[in-house]
Amino acid sequence: IQGTASCGTTAALFDVDEDFSEIIQIGAYASTELAWRDRVFVAGAVRGDDNSAFGTDFGFIVYPSASLSWVIGEEDWFPQMDFLSSFRVRTAWGTSGLRPDFRDAITLFGSTTVATPAGDVPGITVNSTGNLALKPERSTEYELGFDAALFNERVGVEFTYFNKKSKDALIQRRLPPSYGVAASRFENLGEIQNKGTELALNFAALQGDDLGLDLRGTLTTLSNEILVLGAGVEDIVFNRGLQRHSEGYPAGAFWSNPYTINDADGNGKLTNDEVTVSDDIEYIGPALPTYQASLSGELRLFDWFSMSALFEARGGNYQGNDSEVWRCGRRSTYGCAAVGDPNASIETQAVYIADRYLGSQYGSIEKADFIKLREMSVTLSAPASLMDAAPQLDGLSLTISGRNLATWTDYTGIDPEVVEGGGSVNFSQSEFNTQPPVRYLMIRLNYNF
């Protein structure tokens, strides 16, 4: 469209919006791999980047990496065990980076009109405050692990321990109003550590011409901690005061003022005087999951039936239920259970009273553990005998499948998996009338000829 870089000017009767960003990156990458006796494998690589999103005071950055893998189970001196088919140990070390987002390093101004005794004059306002020294978040990680095949390779085991430290972490920091600039800007602050384990199990439970069953399970654990926030940097509070970056705690952890309940008259109906909020904030828990797991399986029966399913689980973290906070802020008009349900529990009433009248959202911060039936499908295929009777057919199958079919959770909000701002919000972990993952049901007919 001549004269504009956006589709927003193409319609007058309805809204059309478009975002445009230009990010330029230049880099180089080199790698090499060496093998010895077809058992020991060594690899090394180096990568260099420059990016237009970096601050103008920062230039080129280099990321080296290396890995080592040894099929130790094939060595003559390794103990031979009937159940162990193969065994490999591995380790790796490397560095990587996370670039700033588009315009994080740039200060942007907006136009305004300023009234003076001589009349109106043009002026500017600060829309966003950049950081000319902004550089990529640099992470250094090492990992140790092994791969094993057991019982004639019917069972496979993969295990990894990882330890990752990120320096110059990109964190949005609030700025004092006395600066006369925007409310916040991104800075390279401190050091964050992520460490944990990854485990995967593959099991060929049944292996036959007419019957087959394959199972796979995974489990990942994560421990996240801010090791150093930065010299002279106080706790960074965000998400309506519910979360903060605090040294010695997980990044974006939830904090709030706890409260106690005393139903003095025992009537099951709380008044404001029967809820007491502490003056001190308390650490509640992490915003990032401390574990994630999955279990999947595929069943095959003869040559005409197959079924697969995938279960996923996540937990150990917390989430702000801002949907209920908003409904209760508007009283029972929007369906607040605490005031609209005569059978509301004392705990539900206390959450409402503490938030609306006493300034504490402690009760609206809930555990976000869940188990989901993520995927399931059933396929019926025309048997070989039918294909022989219809030579014009090479294949015929009917598949019924679904995604996000069921959720098991104690979280009382819309969905424990979603967040208000999607992945673009820096560590924010609350949901506010957010669209949950869509449930899909699909039927597909495949006809090959």
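The structure displayed is predicted, hence computed values, not measured ones.

Cut-off values and rules
Residues numbered from 1 in each chain as written. Predicted model: local features only at pLDDT ≥ 70, side-chain atom pairs only at ≥ 80, totals over all residues. Heavy atoms only, no water. Helix = DSSP H or I, 4+ residues; strand = E, 2+ residues; numbered from the N terminus. Rg over C-alpha atoms; globule rule 2.2 N^0.38 Å. Buried < 20%, exposed > 50% of the residue type's maximum accessible area, 1.4 Å probe, protein only. Contact = heavy atoms within 4.5 Å. Areas by Shrake-Rupley, 256 points an atom, 1.4 Å probe, with all protein chains shown as cover. Lys, Arg positive; Asp, Glu negative; His and termini not counted. Charge placed at Lys NZ, Arg CZ, Asp CG, Glu CD. Salt bridge = Lys/Arg side-chain N within 4 Å of Asp/Glu carboxyl O. Phe/Tyr/Trp six-rings, centres within 6.5 Å; stacked < 30°, edge-to-face > 60°. Pairing = 2+ DSSP bridges. Axes fitted to C-alpha atoms, helices over the stretch in contact; angles between N-to-C directions.

The next thing to look at is the overall build of the protein. Along its length, the protein carries 4 helices and 24 strands. In summary, the protein has a C-alpha radius of gyration of 29 Å against a globular reference of 22 Å for 449 residues, an excess of more than 25%. Buried residues in the protein amount to 33% of all 449 residues. Long-range pairs, those at least 24 residues apart, make up 63% of the contacts in the protein between residues at least 6 apart in sequence. For the protein, the exposed surface amounts to about 26,400 Å²; the carbon and sulfur share of it is 55%. A distance of 2 Å separates the average location of the 33 positive side-chain charges in the protein from that of its 59 negative side-chain charges.

What follows is about the pattern of salt bridges. One pass over the full model with this rule turns up 14 salt bridges. With a closest N to O distance of 3.4 Å, R244 and D235 form a salt bridge. Judged by its relative accessible area of 35%, D235 is partly exposed. The salt bridge partner of K372 is E417, with a shortest N-O separation of 2.7 Å. Placement of K372 in strand β21 (residues 370–381) and of E417 in the loop between β22 (395–408) and β23 (430–431) is noted, with a sequence separation of 45 residues between them. Among the ionic contacts, a cluster of salt bridges with common partners joins E312, K372, R374, D415 and E417.

This part covers the packing of aromatic side chains. Summed over all chains, the structure comprises 15 aromatic pairs. Centre to centre, the rings of Y249 and W255 are 4.8 Å apart; their planes meet at 75°, and the pair counts as edge-to-face. On the basis of relative accessible area, Y249 is assigned to the partly exposed category, the value being 31%. Aromatic pair Y249 and Y283: ring centres 5.0 Å apart, planes at 45°, arrangement tilted. With a gap of 34 residues between them, Y249 in the loop between β12 (243–245) and β13 (253–256) and Y283 in strand β16 (residues 282–285) connect regions that are remote in the sequence. Every member of this aromatic cluster is reached through a ring pair, and the members are W70, W77, F78, F87, F146 and F159.

The next thing to look at is helix α1 (residues 322–329). Within α1, the full set of buried residues consists of D322, S323, V325, R327 and C328. Where α1 is buried, its residues contact β19 (318–321), α3 (346–356) and β23.

Let's shift gears to the sheet that holds strand β20 (residues 365–367). An order of β20-β19-β23 is seen for the 3 strands of this open sheet, with the pairing classed as mixed. Where the open sheet ends on each side, the last strands, each with one partner, are β20 and β23. Where β19 and β23 come together, 2 bridges link them in parallel fashion. Within β23, the residue paired with N321 across the bridge is E431. Along the sheet face, α1 touches β19 and β23 and points at about 25° away from the line of β19.

Next up on the list: the sheet that holds β12. Overall, antiparallel pairing links the 4 strands, which are arranged β11-β12-β13-β16 in an open sheet. Edge strands, defined here as strands with exactly one partner in the open sheet, are β11 (236–238) and β16. Strand-to-strand, the axes of this sheet are offset by a mean angle of 40°, without reference to chain direction. Strand direction decides the pairing type here: β12 and β13, joined by 2 bridges, are antiparallel. Residue pairing in the sheet places Q243 in a bridge with F254 of β13.

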